[in-house]
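# Descriptive analysis of the structure
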Amino acid sequence: MFSPANSEAKPLVSLSNVGVQRSGRWLVRGVDFSVSRGEIVTLIGPNGSGKSTTVKTAIGVLKPDEGTVERADGLKVGYVPQKLAIDWTLPLTVRRLMTLTGPLSEHDMTAALEAVGLSHMLGAEVQHLSGGEFQRALMARAIARKPDLLVLDEPVQGVDFSGEIAIYDLIQSIRNSTGCGILLISHDLHVVMAATDTVICLNGHVCCRGTPQAVTQSAEYVRLFGSRAAQALAVYSHHHDHTHLPDGRVLHSDGSVTDNCHPDDGHHHGHEGHDHAHHNHAGHSHDHHADDHSHDHKQPAGERHV
Amino acid sequence: MFDDFFVRAILAGVGLALTTGPLGCFIIWRRMAYFGDTIAHSALLGVALSLLLQFNLTLAVFLVAATVSILLLFLQKRQALSADALLGILSHATLAIGLVMVAFMSWVRIDLIAFLFGDILAVSKTDIVMIWGGGILVLAAIAWLWRPLLASTVNPELAEAEGLQPERARLFFMLLMAVVIAIAMKIVGIMLITSLLIIPAAAARRFASTPEVMAVFASLIGAVAVVGGLFGSLTYDTPSGPSIVVAALILFILSLLPRRGRGQALEGQRS
């Protein structure tokens with residue numbers, strides 16, 4: 001319904017040549033991208049590649065040390081942080097959490113909680129919610145404010161496979177119904193939300209960018225993820241340095257260094273992660289669609305999946 | 001009726017307790033108990049400076065406490081030392097410098113014990129006006145800062161991203177702490193101020209379902225502790241400041257006792 005092509009207006013947020021420095025070290029540098037109304041941008045990259053730093057700079061929590069960040073006037077942001085621990089000493093119900101940063105009409109509050117399937121939890125203390133419920137409550141809080149830009153830092157982290165699909169479906173329907181821009185950090189290096197318009201791979205700088213390939217186009221992935229999941233998930237293949245094999249392993253070509261990735265920038269540390277990311281998914285799918293190769297990967301997935 | 005020292009003491013103590021309740025809640029939620037202690041200890045340096053420079057005592061204590069809070073904010077940003085090491089250094093350094101300065105001033109005779117443990121029975125009508133006036137100002141400021149303070153307690157980045165100003169709220173909060181410590185010093189003394197901030201708030205936790213309810217309950221529990229402590233001190237001839245803290249502690253312990261109904265259901269859920 002909404003695509004970046006038909007939003008000719010100014011982007012909601014745009015970064016040009018942004019760099020953030022912390023005690024002499026560049027966390028990220030030379031980052032360029034923008035998010036427009038109705039657009040879904042997914043950031044991927046190995047741990048420590050500056051995904052969260054980039055997002056925080058985009059929404060103004062961090063100030064860039066070089067480059068510029070332009071935000072639309074009066075931009076309303078809805079933010080779902082990556083890790084959030086609420087001290088037991090703070091009595092906070094789901095209802096109170098919803099109005100944390102601003103007042104909310106009863107209608108908007110219940111509509112948002114219904115969208116995430118938590119309307120029955122209005123009176124529950126947030127400390128009693130499970131990890132997935134709490135994550136959904138935080139999303140409800142962010143969408144209830146009707147933001148122009150919804151920012152989600154690893155929204156499916158710690159959520160099981162079917163929960164992950166449900167959250168991706170929800171994000172897509174939020175975009176479709178409100179037309180807000182969405183900036184998303186994915187915990188997975190290769191599997192992203194199918195509705196993503198642009199994938200940006202970070203590793204201290206923008207490693208590469210592109211559009212994901214719909215999983216539904218590949219019979220192997222449909223078999224691997226199941227047909228419902230295949231509609232929500234997509235694969236972002238790093239065409240420049242490796243290919244995916246049907247059994248979930250990653251095949252690296254020799255001389256995988258591309259012109260915008262330097263040999264010593266740590267990019268290749270990510271490869272081990274790539275591999276395990278797929279083990280994870282093979283392990284996940286084992287719960288739903290047992291097949292031969294997911295049995296093979298059950299053990300490593302169990303060890304890795306935290 | 002204000003002529004009676006006991007009535008004055010109750011008025012002063014209750015006024016202070018009503019103020020410290022909401023402030024104490026934030027100290028607990030933000031895990032700033034040691035910070036509160038540090039600011040309180042710096043008050044003695046304020047006392048010494050006020051004697052040395054013949055300056056208004058409350059104002060001197062406020063200025064020193066505010067300076068130490070801002071210094072802490074600055075040092076924490078530089079991240080040279082961990083926050084608790086910094087607090088430990090500033091807390092005891094300011095207390096020690098204050099004690100040394102007082103010892104050097106051989107021409108003034110001051111009752112150190114009164115500053116360290118308070119002398120609520122000696123409050124004047126002016127003190128009461130200051131406690132209630134300052135208290136109302138502090139409570140009004142807390143109400144004004146409530147949303148950014150609470151949101152940044154949950155997550156400062158979330159507050160910042162959604163247009164609240166957590167840094168500004170935090171700075172104001174520290175200044176409010178300095179105000180409260182300046183007016184509370186006479187009542188419970190430097191060593192016990194933090195207990196009047198923390199214990200009523202901790203006791204209120206069990207009975208509260210929202211942050212706002214907890215803040216109100218903390219004020220009320222503090223007020224009950226003041227009245228109870230003062231009557232206890234009158235009955236058993238014990239020092240007033242420590243008696244108030246003991247009364248608050250008793251209320252806290254009572255709040256821990258298992259309650260019928262919801263409390264037991266909760267215990268059941270956990271096991």
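Residues numbered from 1 in each chain as written. Chains lettered and ligands numbered in written order. Predicted model: local features only at pLDDT ≥ 70, side-chain atom pairs only at ≥ 80, totals over all residues.

## A look at the interface of chain B and chain A
Keep this limit in mind: Contact between two residues is assigned whenever their backbone-derived C-beta positions fall within 7 Å. Helix numbers and strand numbers start at the N terminus; a helix is a DSSP run of H or I with at least 4 residues, a strand a run of E with at least 2. When residue character is reported, Ala, Val, Leu, Ile, Met, Phe, Trp, Tyr, Cys and Pro are called nonpolar, Asp, Glu, Lys and Arg charged, and the others, Gly included, polar.
Each partner contributes to the interface: chain B provides 20 residues, whereas chain A provides 19 residues. In terms of residues, the side of chain B that touches chain A owes the most to one element, helix α7 (residues 156-161) of chain B, which gives five residues. By residue class, the composition of the side of chain B that touches chain A is 12 nonpolar, four polar and four charged.

## Things to note about the sheet that holds strand β7 (residues 181-185) of chain A
Residue and element names in this part refer to chain A. Stated formally: Pairs of strands are assigned from DSSP output, requiring at least two bridges between the strands. Interaxial angles span 0 to 180 degrees and are taken between N-to-C directions of axes, which are lines fitted to C-alpha atoms, for helices over the stretch in contact.
Taken together, the six strands give an open sheet; going across it, the order is β5-β6-β7-β3-β9-β10, and neighbouring strands pair in mixed fashion. Of all strands in the sheet, those bounded by a partner on one side alone are β5 (77-80) and β10 (206-210). Pairwise comparison of adjacent strand axes, ignoring direction, gives a mean angle of 15 degrees for this sheet. For strand β3 (residues 40-44) and strand β9 (residues 198-202), the ladder comprises four bridges, and the chain directions are parallel. Across the sheet, residue Ile-44 finds its bridge partner in β9, namely Cys-201. Helix-sheet contacts for helix α1 (residues 51-58) involve β3, β6 (149-153), β7 and β9, and the interaxial angle to β7 is about 155 degrees. Relative to the sheet, helix α4 (residues 131-144) contacts β5 and β6, its axis offset from that of β5 by approximately 175 degrees.

## Considerations on the sheet that holds strand β1 (residues 13-22) of chain A
All names here are of chain A. With respect to topology, three strands assemble into an open sheet ordered β2-β1-β4, the strand pairing being antiparallel. Looking at strand neighbours, the two that pair on one side only are β2 (25-35) and β4 (66-71), the edges of this open sheet. Mean inter-strand twist for the sheet, computed between neighbouring axes without regard to direction, equals 25 degrees. Pairing of β1 with β2, which is carried by seven bridges, proceeds in the antiparallel orientation. Bridging from a neighbouring strand, Val-18 pairs with Val-31 of β2. Where α1 meets the sheet, its contacts fall on β1, β2 and β4, and the angle it forms with β1 comes to roughly 125 degrees.

## As for the nonpolar core
Operational definition: Put simply, a nonpolar core is buried Ala, Val, Leu, Ile, Met, Phe, Trp, Tyr and Cys residues tied into one set by C-beta atoms within 7 Å. Comment: burial labels come from other C-beta atoms within 10 Å of the residue's own C-beta, placed from the backbone, where a count of 20 or more is buried, 12 or fewer is exposed, and between is partly exposed. Marked domain ranges trace back to an automatic or database domain assignment.
Counting 159 residues, the largest nonpolar core has Val-151 of chain A together with Ala-65 and Ile-181 of chain B as its most contacted members. Among the elements that take part in this core, helix α8 (residues 166-188) of chain B stands out by supplying 14 residues, more than any other. For this core, the domains that each give at least three residues are domain 1 (4-76 + 147-304) and domain 2 (85-145) of chain A. Ignoring sequence-local partners within four residues, the contact set of Ala-65 of chain B consists of Ile-39, Ser-42, Ala-43, Gly-46, Ala-178, Ile-181 and Ala-182 of chain B.

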